[in-house]
Structure formats: C-alpha cells, structure tokens
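Structure assessment
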Amino acid sequence: MTMRIDVLTLFPEMFESPLGYSILKRAQQQNIVTIALSNIRDFATDKYRKVDDTPYGGGPGMVMMCPPVFACLEHVRSQAPEPGRVILLTPQGRPLSQPKVEALSAERRLILIAGRYEGFDERIRQGLDAEEISIGDYVLSGGELPAMVLIDAVVRLLGGALGDEDSAADDSFAGGLLEYPHYTRPEEFRRMRVPEILLSGDHGKIARWRHEQRLRRTQQRRPDLYANWLKRTEADNAIPKTRNNENQEIDT
Ligand code: SAM
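Residues numbered from 1 in each chain as written. Predicted model: local features only at pLDDT ≥ 70, side-chain atom pairs only at ≥ 80, totals over all residues. Heavy atoms only, no water.

Glancing now at the domain arrangement of the protein. Split by domain assignment, the protein resolves into domain 1 (3-155) and domain 2 (172-235). Placing a centre on the C-alpha atoms of domain 1 and another on those of domain 2 gives a separation of 36 Å. (Domains from an automatic or database assignment.)

Right, let's get into the site of the ligand. In the region of the ligand, 20 residues are neighbours, and Leu89, Gln92, Gly115, Glu118 and Tyr138 sit closest. Glycine 136 is positioned such that a nitrogen or oxygen atom in its backbone is 3.1 Å from a nitrogen atom of the ligand. Within the backbone of glycine 142, a nitrogen or oxygen atom sits 3.4 Å from an oxygen atom of the ligand. Protein chains bury 85% of the 580 Å² of accessible surface belonging to the ligand in isolation. When each cavity is represented as a set of grid points, the ligand is found to reside in the second largest pocket. Elements supplying a minimum of two residues to the shell around the ligand: strand 5 (85-95) and strand 7 (131-134). With four residues, the top contributor of residues to the shell around the ligand is strand 5. (Near = heavy atom within 4 Å. Polar contact = N/O pair within 3.5 Å; in protein donor to acceptor, adjacent residues only side chain to side chain. Areas by Shrake-Rupley, 256 points an atom, 1.4 Å probe, with all protein chains shown as cover. 1 Å grid on protein atoms, 1.4 Å probe; cavity = no way out; pocket = protein on both sides within 12 Å on 5 of 7 lines; lining within 4 Å. Sits in = over half its atoms within 2 Å of the grid points. Helix = DSSP H or I, 4+ residues; strand = E, 2+ residues; numbered from the N terminus.)

Note on terminology: disulfide describes a covalent bond linking the sulfur atoms of two cysteines. Evaluated as defined, the whole model comprises zero disulfides. Its sulfur unpaired, cysteine 66 is 14 Å from the next cysteine sulfur, which belongs to cysteine 72. With relative accessibility at 15%, the residue cysteine 66 sits in the buried group. The class for cysteine 72 is buried, based on a relative accessible area of 0%. (Disulfide = S-S within 2.5 Å. Buried < 20%, exposed > 50% of the residue type's maximum accessible area, 1.4 Å probe, protein only.)

Two numbers describe how helix 4 (residues 98-105) lies on helix 6 (residues 144-155): the axes approach to 9 Å, and their chain directions differ by 70 degrees. In this view, helix 4 runs roughly perpendicular relative to helix 6, as classed from their interaxial angle. Across the interface between the two elements, Val101, Leu104 and Ser105 from helix 4 touch Leu150, Ala153 and Val154 from helix 6. Residue classes in the contact of helix 4 with helix 6 are distributed as five nonpolar, one polar and no charged. (Axes fitted to C-alpha atoms, helices over the stretch in contact; angles between N-to-C directions. Parallel < 35°, antiparallel > 145°, perpendicular 65-115°, else oblique. Contact = heavy atoms within 4.5 Å. Nonpolar A, V, L, I, M, F, W, Y, C, P; charged D, E, K, R; others polar.)

Before going further, it helps to spend a moment on the nonpolar core. Ranked by internal contacts, the top residues of the largest apolar core, which has 26 residues, are Ile5, Leu110, Leu112, Ile151 and Val155. When contributions to this core are tallied by element, the ones reaching two or more residues are strand 1 (3-9), helix 2 (22-29), strand 2 (33-39), strand 5, helix 4, strand 6 (109-114) and helix 6. In terms of residues, this core owes the most to one element, helix 6, which gives seven residues. Dropping the residues within four chain positions of it, valine 155 is found in contact with Ile5, Leu24, Ala27, Val33 and Ala161. In terms of nonpolar packing, the next biggest core, distinct from the first, is built from 20 residues, Leu10, Phe43, Val51 and Val69 among them. (Core = buried A, V, L, I, M, F, W, Y, C linked by side-chain atoms within 4.5 Å.)

Below you can see the structure in the form of structure tokens.
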C-alpha cells in the first residue's frame, strides 16, 4: 500500500533536493510513498496572490491568512479518497519523537502544512482540527524544513524503503534505547583499535556486547530515556497477580 503525503507550502521548490536523493528518492520510485507538493499561493483570492496580512491588534510581522490555506487544503483533500491526517508544523506543537514517527508511518495519508512569517492565523488551527507537531524547542523561519524532517523520519520506516529491513530495528530510539557503536575497516586507525569482540566471529557474544553498549550509552547520554526504558522493562517483567472471584489481587 502506497502512503500519500501532501505538503502545503509557499516554497515547494525547497523540497526538490531532499526528496531527490537516496532513500526518499528510491521510496518514491518504488511507489512506497507518493509525495505531492501544493503551493498555498496558488489559492490566494486576490490579484496580488496575497497569502499574509498584518496582525489584528498590531505588532511586528505578518500572519498567514485563512482563505488560501483552507482553499488549498480543500483542493488537496479532493485529490485522493482518504481524508488524511492533517498536521501543522509549528514550534508550539508536540515535539516529534520516534514513537510518534512510528505511529505516523502506519497512516495511509498525511497532509502537512508548513507555516511562514509569524505563523498561522489562529483560526487555521481551530478550523482545520489539525494536530500540531514541532521538531524541537527552537524557532525556524518556516515549516518546510520541519516537514522534510518528518517526511524523512516517516518514510524510512515504510516497508521496503530501507535496503536492509533490519537496519531500522536497532536504530537509536527503537525500543527506547540509543544504538550501539559501529566500526568498519581498518581494524586499527591512528592507534584506535576495533573492540576485539567484534572480530571474534561469536555472534552471541557480539549481540550481548551490543546490547550492553546500548544500555550504557543510553544511561550516560540520555538518562531520561534510560529511566523510561527501565520502568517499561520492569513493568513488562512483573509477574501478573492472580485475582480472586471479587477481582481482588491475591498472593499465590
Ligand atoms: N511566531 C511563531 C511562534 O513564536 O510560535 C513562530 C513562527 S516561525 C518564524 C514560522 C513558521 O515556521 C511556523 O509557522 C512553523 O510552520 C515553522 N516552524 C518554526 N519553528 C518550528 C519548529 N520548531 N517546529 C515546527 N515548525 C516550526
């Protein structure tokens, strides 16, 4: 099943290069994903193709107007049967995370709206009933780069997008841990040696070493992730309590 991703933007040309290389290019060629770009300016209603205006109440900057965004979305929606999940890229949205990316990769259609200027007229948020996603606690000039980040993260999880199907399974954040360290030839470089265990050919030992490395790295670099992983692992390993006829937990 091909996923469809629509992007509504004032700068569709910005997407050409990132979508034209490597995994994203291949995924489109192999019909794993279709990415359709729409220019919000094409839906402006006046002869100057205006898409922004000054804020009510005064203040600096320009605000993205409702009519072109609503008209563009309505047009885009009519291009495919699935209504799609509408996402506004904004710094005020929920921070993007790997579990969120995994959830989005299960959707059939995503519709991403990239803002510019001071951002969207508030009624775009209200009227579209859209989900807001941020790519981090910093402010960029536009939603195009965040949309590209989201597309890249989602598409690489789609079946067949990666050459080696397993390579996403051990990636950082998969299963809540960071990935183990990698090494390739030469065995020694500037007196830094590849750990002996990786040269041993003992796959069981290598798998255990890698798992320990994942734990150690996560604990050192991301104690927040590690604490969550521990909590989840403890909950998964907890022995389920037996319940009596009144549905009360009893020790056995
Ligand atoms: N005035 C807005 C605020 O303070 O919340 C910021 C507007 S920003 C200059 C313009 C556009 O860039 C936003 O509408 C949004 O689409 C995008 N953008 C900026 N930072 C972002 C982030 N961290 N995540 C997602 N989108 C972002």
